[in-house]
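Working through the structure, step by step
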Amino acid sequence: MQQGTRPHRGFTYSLSAILFRLLGLAVIDAFAVWLLPQIIHDRVWYLVVLLVIITLGINLIFLREEYYPLRWMSPGLALMILMVVYPLLFTVYTAFTNYSDGHLLTKQQVIQVLGQQLYLPEGGESYKWTAYRSEDGQYALWLVSPEGKTFVAYPGRPVQPAVPGQGDIGPADDQGTPTHIGALQRLDRIRVIRYLPDLEKLEFGTPPQVLKIRSLDEAAALQPRYVYDPQQDAIVDRKTGKVYRADDRRGSFVAPDGEELTPGYQVFIGVANFRRLFRSPALRGPFLRVFLWTILFAAGTVFTTFALGLFLALVYNDPHIRGRKIIRSLLIVPYTVPSFISILVWRGLMNPHIGVINTTLEKLIGWAPPWFSSPTWAKIGVLLVNLWLGYPYMMLISTGALQAIPDDLYEAAEIDGAGLWQRFRQITLPLLLISVGPLLISSFAFNFNNWNVIYLFNRGGPPMPGTPTPVGHTDILVTYTYRLAFASGGGGDYGYASAITIIIFLIVATITYFQFRYTRMWEEISENV
Amino acid sequence: MMKQRSLWTLFVVLLIASLLMGACAKATPTPTPIPPTPTPKPPTPTPKPPTPTPIPPTPTPQPPAAKLVIWADENRAPIMEEIAKAFTEKYGVEVEVQQVGFGDIRDQFKVAAPAGEGPDIIIGAHDWLGELVVNGLLAPVDLGAKKDKFLPSALQAFTYNSQLYGMPYLTENVAFFYNPDLVPEAPKTWSEVTKIAAELEKAGKVKQGYVLHQGDPYHFYPIMTAFGGYVFGKDKDGNYNPKDLGIDSPGSIAAAKWLDMMVKEGHLKPDVDWDTAHTMFEQGDAAMIITGPWALKRIRESGVHYKIAEIPDETADGHPFSGVHGFMISAFSENKLLAQTFLTEFVATEENMWKLFNADPRPSAFLPVREKIDDPDIAAFGLAGKNADPMPAIPEMSKVWEAWGNAITLIFQQQEDPETAFKNAAEQIRQAIAGGQ
């Protein structure tokens, strides 16, 4: 590559351009300053760091002339960090945690959630209540005990016995309830509900006698049932006296008798997810079959789609064909329809009872492929559907690459007496593969993880009999992962799923690496550049 | 130059938008430590002198800023909005109804609630309980005096570890549909079903006497119970016991063998899906089917004659699973008591329960409404569900569906004999339950 002269050297900006740039930066900085306190308030520290780095980076890049080339890359870089690098790192992190159902919350959140559970200790008092409120939002309760004794209670003041009409207590109505307490007015049912959000947060009385509203009818000396003791790092159940010690390796509070409190919390569990995967019966049993089918599926898809796409590209590259532009456009249509729609349509067409393909075949030849019950035909079916979905892409890239092959090569070959097949084998294919080869590899990697087509076509079915975990004949690694980690959509085992994802990534990366090495495409490409 | 600049600003806007989304949503399962933020409310320092008027003006100048947020699916959101509006008018508390797809409520709630951005109330199915309670996301509900007005089995369905976690409002279960033009009287046993199917098919009146779509455990369960099978055993309090799995119990295997016989003799065909099965019944190509209230509309519209009966028995009482839908309160709600009051005082009234029923006619779990339903079909569903088992809400149930469904599919496709298929499924489920700990 030649060292190009830097365009900005000696280039003077107009005043308006500089002002425009500064204004843009000011807007970004203002935005960042506005955003920062909110993220800090939410305590999402990694986003704080990210935001600061990105904002400082943008400022630096746009204020310092020597970073000029970075100006055009910076948005892409920032987006890549946000959309690619961050999720990747997060997946790796999750793989080493027990993040899953039952362990979704952090330890503090668990302590908080458990701390909200209240109970009425044995012999604890319970009253019927009436609420009073002043204009400035002060509250009081009028309490009637089951024995008929009456009290008045304010937040932060001891509960006092009281009688209507005495002191600042207003006169009783026909129910025996005072109409007002001091400057506080009685709340009727409707207004009680309006002020419930305030009332339910208040604690009336002083320790040891603290009353909370339990329902519209009852206020009681409720106590938190689960209290966290930081000294022993344990949660004490005050109702039963049981002590649940925090087990930070399991992410649960566990009693000496082995009883665990729910929910548990997330913890770092090292390689336990990977150990579980390698010990799982899922790996011993059908894994190899799934793995082989995955490779067959990905390779088969690339081969069939490329063969058809290239064939069509060659045919419609011939200028003698009339209307080829229209036909070419029409052939691209399957590419423009969202794949999940096409797959479901194909599923319907192949339905053995009402599908057009099968009913027609049955009428014509008396037999139709059992797309959904035969393992072999299910595999062929998936490949056919994927052929439909994939050939337009291959046709597009082949058509583009064909334009780059110089016509004089063909002319020379014709003079040398090369036939059609020879010209294709010796000129078209090798020259095409130089530019298309890397795309074929990326297509292979994509189809290796093509969850959509497998899941939507037949959910990996038909099932394999006699396996240690449920698995189907058309399951590829990624749908198999989905089955393992999110069994039937009920319950998520995110840490485990992340661990499997990393393993799949390693497999795909290895395969891709060797493909690049042994097809020598890189060398050919580098020669051409 | 200007053009490139504007392109660049577009990028920055995109970038910032994505940042913002990241900040607001936190929707990715983030392990963000959100410690209890006890937002310190300033003691409202309005220095107003106590007004001597005994009755303060009703439209108070500073109504509390509390708000209830409800997540409901597209069927229920409109009617909930109507109810919420009436509540706001009467009590001056704002209630916001947000529409979330029924299938998404549970998953989104799991992420949003711990992040402090979830709703106060969700409308969902009772079999979500296990998952949500295990994650500490639900607050117990106290129905108080209203408790007696609910169907006891519906309350039982919303009870987890002996604690009530929701206010039920409708029940649903499948029942046995038959075409009276072809089957004059509802069969009492599954052997009778076989016999009727054989006769009708022989006479060429139908393609299939009885139709069942392939591989669906939910619709197979009534048959399994009729042969004495079960999924999870129950302890003396009626809680499901995950250690007692009944997929390979003699009754379940007997039902599997019946299914195998039906396929072998050609009375049931493989690869029939839900839609095909219903179309066959609606066109008179099939005479008997098990289905639920969700199919009632299309069956009525098809004009086919139908009657709804109880599930046939065999060696035991055949009964379906029941699903109960209801309201649940978030453990992260700031206004739990208000949410509960909204439910018990306002939603659990005849007026509003009728509104909910009319919007989506399924047997109400609210007895004053349930007892007055005059739609004979809905009443028949209620009858067919009188012995129904609540769908197990324990988290172990999620390990059951797939293996169980695969076993049924393998029998339909004649890939495995019924006993092996069900025994292997049970083994898979036991392994999955053991591995999940």
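Residues numbered from 1 in each chain as written. Chains lettered and ligands numbered in written order. Predicted model: local features only at pLDDT ≥ 70, side-chain atom pairs only at ≥ 80, totals over all residues. Heavy atoms only, no water.

Turning our attention to the overall build of chain B. Each helix and strand in chain B was counted, giving 16 helices and 15 strands. Burial status across chain B gives 57% buried among its 437 residues. Look at the contacts in chain B between residues 6 or more apart in sequence, and 75% of them connect residues 24 or more apart. For chain B, the exposed area adds up to about 18,200 Å²; of that, 56% sits on carbon and sulfur atoms. (Helix = DSSP H or I, 4+ residues; strand = E, 2+ residues; numbered from the N terminus. Buried < 20%, exposed > 50% of the residue type's maximum accessible area, 1.4 Å probe, protein only. Contact = heavy atoms within 4.5 Å. Areas by Shrake-Rupley, 256 points an atom, 1.4 Å probe, with all protein chains shown as cover.)

With 177 residues, the main nonpolar core has Trp190, Tyr210, Ile247, Phe342, Trp404 and Phe422 of chain B as its most contacted residues. Sequence-distant contacts of isoleucine 247 of chain B, defined by excluding residues within four places in its chain, comprise Met224, Tyr230, Val231, Ser252, Val400, Trp404, Phe422, Ala425, Ala426 and Ile429 of chain B. Ranked by size, the runner-up nonpolar core spans 43 residues in total, among them Ala95, Leu331, Phe424 and Leu477 of chain A. (Core = buried A, V, L, I, M, F, W, Y, C linked by side-chain atoms within 4.5 Å.)

Moving on, we come to unusual backbone geometry. What you tend to see is this: most non-glycine residues have negative phi, and most peptide bonds are trans. A cis amide bond links threonine 262 of chain A to the next residue, proline 263 of chain A, at an omega of -5°. Its location among the elements puts proline 263 of chain A in the loop between β14 (252-254) and α6 (272-279). Unlike most non-glycine residues, serine 162 of chain B shows phi in positive territory, near 60°.

What follows deals with the sheet that holds strand β12 (residues 286-291) of chain B. All names here are of chain B. The 4 strands lie next to each other as β9-β12-β8-β13, forming an open sheet whose pairing is mixed. Sheet topology places β9 (208-211) and β13 (307-309) at the edges, where each strand pairs with a single neighbour. Adjacent strand axes in the sheet meet at a mean angle of 20°, parallel and antiparallel pairs treated alike. As defined by bridge partners, strand β8 (residues 175-178) adjoins β13 across 3 bridges and the pair is classed as antiparallel. Paired with phenylalanine 177 across the two strands is isoleucine 308, which belongs to β13. (Pairing = 2+ DSSP bridges. Axes fitted to C-alpha atoms, helices over the stretch in contact; angles between N-to-C directions.)

Time to look at the confidence of the model for chain A. Mean pLDDT over chain A stands at 84; residues scoring 70 or higher make up 94%. Throughout residues 1-10 of chain A the model reports pLDDT below 50, and contacts reaching past four residues in sequence, or to other chains, amount to 2 contacts. (pLDDT = per-residue confidence, 0-100.)

Residues and elements named next belong to chain A. Burial of strand β2 (residues 126-133) is extensive: 6 of the 8 residues sit out of reach of the surface. Of the pairings in the sheet, the one linking β2 to strand β9 (residues 218-220) comprises 3 bridges and is antiparallel in character. Across the sheet, the residue bridging to serine 126 is alanine 220, located in β9. In the sheet, β2 pairs with strand β3 (residues 139-144) via 6 bridges, with the strands oriented antiparallel. Residue pairing in the sheet places alanine 131 in a bridge with leucine 141 of β3. Hairpin remark: β2 followed by β3, antiparallel, with 5 residues in the connecting loop; positive phi at glycine 137, about 85°.

The subject of this paragraph is the packing of helix α8 (residues 250-264) of chain B against helix α15 (residues 400-412) of chain B. Residues and elements named next belong to chain B. For the pair α8 and α15, interaxial distance at closest approach is 9 Å and the crossing angle is 30°. Taken together, the residues of α15 that come into contact with α8 (itself represented by Ala256, Leu259, Asp260 and Val263) are Ile408, Ile411 and Phe412. Partitioned by chemical class, the residues of the contact of α8 with α15 number 6 nonpolar, no polar and 1 charged. (Nonpolar A, V, L, I, M, F, W, Y, C, P; charged D, E, K, R; others polar.)

Once that is clear, we can look at the sheet that holds strand β11 (residues 226-229) of chain A. All names here are of chain A. The strand order across the open sheet built from 4 strands is β11-β12-β13-β14, with neighbouring strands paired in antiparallel fashion. The strands lining the two open edges of the sheet, one partner per strand, are β11 and β14. Across this sheet, the average inter-strand angle for adjacent strands is 30°, counted without regard to direction. Sheet analysis places strand β12 (residues 234-237) next to strand β13 (residues 243-247), joined by 3 bridges and oriented antiparallel. Its bridge partner being in β13, valine 236 is matched across the sheet by valine 243. Across the face of the sheet, helix α4 (residues 107-115) comes into contact with β11, β12, β13 and β14 while running at roughly 140° to β11.

Residues and elements named next belong to chain B. All buried positions along helix α9 (residues 274-282) are accounted for by Thr276, Ala277, His278, Met280, Phe281 and Glu282. Of the surrounding elements, those touching the buried residues of α9 are β8, β9, β12 and α10 (296-302). Remark: glycine 284 follows α9 within two positions and exhibits a positive phi of approximately 80°.

Residue and element names in this part refer to chain A. Only one face of β13 is covered, namely the face carrying Tyr244 and Ala246; the face carrying Val243, Arg245 and Asp247 is uncovered. What sits between the antiparallel neighbours β12 and β13 is a turn of 5 residues, in which glycine 241 has the positive phi angle 80°. Taken together, the 3 bridges between β13 and β14 define a ladder with antiparallel strand orientation. Opposite arginine 245, over in β14, you have valine 254 as the bridge partner. As consecutive antiparallel partners, β13 and β14 are separated by 4 residues, and within that stretch glycine 251 has a phi angle of approximately 80°, a positive value.

All chains considered together, the criterion is met by 48 aromatic pairs over all chains. Between the aromatic rings of tyrosine 221 of chain B and tryptophan 404 of chain B, the centroid separation amounts to 6.3 Å while the plane-to-plane angle is 85°, which identifies the pairing as edge-to-face. Linking tyrosine 221 of chain B in helix α7 (residues 217-226) with tryptophan 404 of chain B in helix α15, this pair joins segments that are 183 residues apart in sequence. Ring pairing ties together the aromatic residues Tyr218, Tyr221, Trp294, Phe321, Trp401 and Trp404 of chain B, which thus form one cluster. For arginine 347 of chain A, the ring lying beneath its charged end belongs to phenylalanine 372 of chain A, and the centroid distance is 5.4 Å. Here the guanidinium or amino end of lysine 379 of chain A rests over the ring plane of tryptophan 293 of chain A, the centre of that ring lying 5.3 Å away. (Phe/Tyr/Trp six-rings, centres within 6.5 Å; stacked < 30°, edge-to-face > 60°. Lys NZ or Arg CZ within 6 Å of the ring centre and 35° of its normal.)

Before going further, it helps to spend a moment on a nonpolar patch on the surface. Residue and element names in this part refer to chain A. A grouping of Met73, Leu77, Met80, Ile81, Met83, Val84, Val85, Leu88 and Leu89 is seen on the molecular surface, where their side chains present a nonpolar patch of about 790 Å² in accessible area. The topology assignment puts methionine 80 in helix α3 (residues 70-95). Judged by its relative accessible area of 42%, methionine 80 falls in the partly exposed class. (Patch = residues over 30% accessible without salt bridge, like charges linked within 9 Å, V, L, I, M, F, W, Y side chains within 5 Å. Salt bridge = Lys/Arg side-chain N within 4 Å of Asp/Glu carboxyl O.)

Attention now moves to the environment of leucine 292 of chain A. Mapping leucine 292 of chain A onto the fold places it in helix α8 (residues 287-315). Considering only alpha carbons, one finds leucine 292 of chain A and isoleucine 476 of chain A, 184 residues apart in sequence, at a separation of 8.8 Å.

Let's shift gears to the pattern of salt bridges. Applying the stated criterion across every chain yields a total of 36 salt bridges over all chains. Between glutamate 345 of chain B and arginine 189 of chain A there is a salt bridge, with its nearest N and O atoms 3.0 Å apart. Here the residue glutamate 345 of chain B occupies a position in helix α11 (residues 336-347), and arginine 189 of chain A occupies one in helix α5 (residues 189-199), the pair thus bridging two chains. We note a salt bridge from glutamate 427 of chain B to arginine 430 of chain B, for which the minimum N-O separation is 3.8 Å. Residue glutamate 427 of chain B and its partner arginine 430 of chain B are located together in helix α16 (residues 418-435), separated by 3 residues, close to a single helical turn. Residue class for glutamate 427 of chain B comes out partly exposed when judged on its relative accessible area of 42%. What emerges from the salt-bridge pattern is a single network uniting Asp101 of chain A together with Arg106, Lys110 and Glu131 of chain B.

Attention now goes to the side chain of aspartate 73 of chain B. All names here are of chain B. Examined against the element boundaries, aspartate 73 turns out to sit in the loop between β1 (67-72) and α2 (77-91). For aspartate 73, a relative accessible area of 3% translates into the label buried. Only 2.8 Å separates the side chain of aspartate 73 from the backbone nitrogen of asparagine 75, close enough to count as a polar contact. A distance of 2.8 Å separates the side chain of aspartate 73 from the side chain of arginine 76, its partner in a polar contact. (Polar contact = N/O pair within 3.5 Å; in protein donor to acceptor, adjacent residues only side chain to side chain.)

As a further point, take the confidence of the model for chain B. Residues and elements named next belong to chain B. Here chain B averages 83 in pLDDT, and 84% of its residues register 70 or above. Mean pLDDT values for the elements of chain B range from 42 in helix α1 (residues 2-25) up to 96 in β8. Below pLDDT 50 for its whole length, residues 1-62 participates in 90 contacts with residues either more than four positions away or in separate chains. What the predictor reports for the complex is a pTM of 0.74 with an ipTM of 0.71.

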